[in-house]
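Architecture and fold: a report
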Amino acid sequence: MQGQRKNAAYEQYIKQYSDLAVEQQRKFKIPASITLAQALLESGAGLSTLAKNSNNHFGIKCHADWDGGRVYHDDDEVGECFRKYIKVIHSYDDHSLFLTKRPRYAGLFKLDIKDYKGWARGLQEYGYATDRAYANKLIKLIEDYELYRFDAVSGPRYMPRTESGQTVRLQRAVYKSYGLLYVVARENDSFAKIADDLGFKEKHLLKYNEVPEDFPLQKGDIVYLEKKKSKADKPHYDHVVQIGESMHSISQRYGMRMKSLYKLNKKAFDYIPEEGDVLKLR
């Protein structure tokens, strides 16, 4: 996201292993963004003891069906058994197999490959981790480090034209809420499409909505056509965080700037909202 300070270790990890995550997506249909975010979170960007000594980048425990290498660490309980791998790629392959072979994760594979929010929520709901903020942590990593860019190869800019080469300007329904004009994203939409349809500059829409270039839109997302406010309108005084929400999605919901939301709640930019947290909106 705009204005976020990047962790050099995270950036180096992404550079080193993004191709491996993309290959997992090709083979197993797991979003590369999800694989990378989980690896970053579980391995501390490859710097955890388990990652460095055992090449285990996803914190996968032994379980009854595991007959490979083992190592013991204190986690939820003392001296728990974790899987040990010869190479990092084996950890990535095993993580993918772990998700694809267990029936409780089957619902994830019905989601769109670009629906990283749905995947994050599902992983938490289906019990991958006990951390109540697990989904929100994954989403923040994906958005802060733009990991969604690995989920699909970017195509050419959308520029519909007639056979004669004249640009076609499509119509959009424009709404108003909280005193702000906005449109609702369609299936396979983008800021470039919306800007072209409405005669805006894409960079202005990106700035209004506080997102970087190529930020993925999902059907139903709100896209503001003007600068958001410094606080939510009455009677919205506070918000109770739900699973799968980020500071950005909350700011979009109420038409208020992210910077203001952080400042109003006296939170640093690395704050990750946890389910049940109460945030002030004005």
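Read on for an overview of the structure. Nothing here was measured: the structure is a model prediction, and the numbers come from that model.

Below, the discussion takes up the overall build of the protein chain. Regarding its fold elements, the protein chain presents 10 helices and seven strands. The C-alpha atoms of the protein chain give 21 Å as radius of gyration, which agrees with the globular expectation for 282 residues (19 Å, within 12%). Along the first, second and third principal axes, the C-alpha atoms of the protein chain reach 60 × 50 × 35 Å. Burial analysis of the protein chain (282 residues in total) assigns 47% to the buried set.

This part covers the packing of helix H2 (residues 32-43) against helix H4 (residues 88-101). The contact between H2 and H4 brings their axes to 12 Å, and the two run at 115 degrees. The orientation of H2 with respect to H4, classified from their angle, is roughly perpendicular. In this structure, the crossing between H2 and H4 has a hand that is right-handed. Only Tyr92, His95 and Leu99 of H4 make contact with H2, whose side of the interface consists of Thr35, Leu36, Gln38 and Ala39. Across the contact of H2 with H4, the residue classes tally to four nonpolar, three polar and no charged.

Cut-offs and rules
- Residues numbered from 1 in each chain as written.
- Predicted model: local features only at pLDDT ≥ 70, side-chain atom pairs only at ≥ 80, totals over all residues.
- Heavy atoms only, no water.
- Helix = DSSP H or I, 4+ residues; strand = E, 2+ residues; numbered from the N terminus.
- Rg over C-alpha atoms; globule rule 2.2 N^0.38 Å.
- Buried < 20%, exposed > 50% of the residue type's maximum accessible area, 1.4 Å probe, protein only.
- Axes fitted to C-alpha atoms, helices over the stretch in contact; angles between N-to-C directions.
- Parallel < 35°, antiparallel > 145°, perpendicular 65-115°, else oblique.
- Left-handed = near helix turned anticlockwise from the far one by under 90°.
- Contact = heavy atoms within 4.5 Å.
- Nonpolar A, V, L, I, M, F, W, Y, C, P; charged D, E, K, R; others polar.

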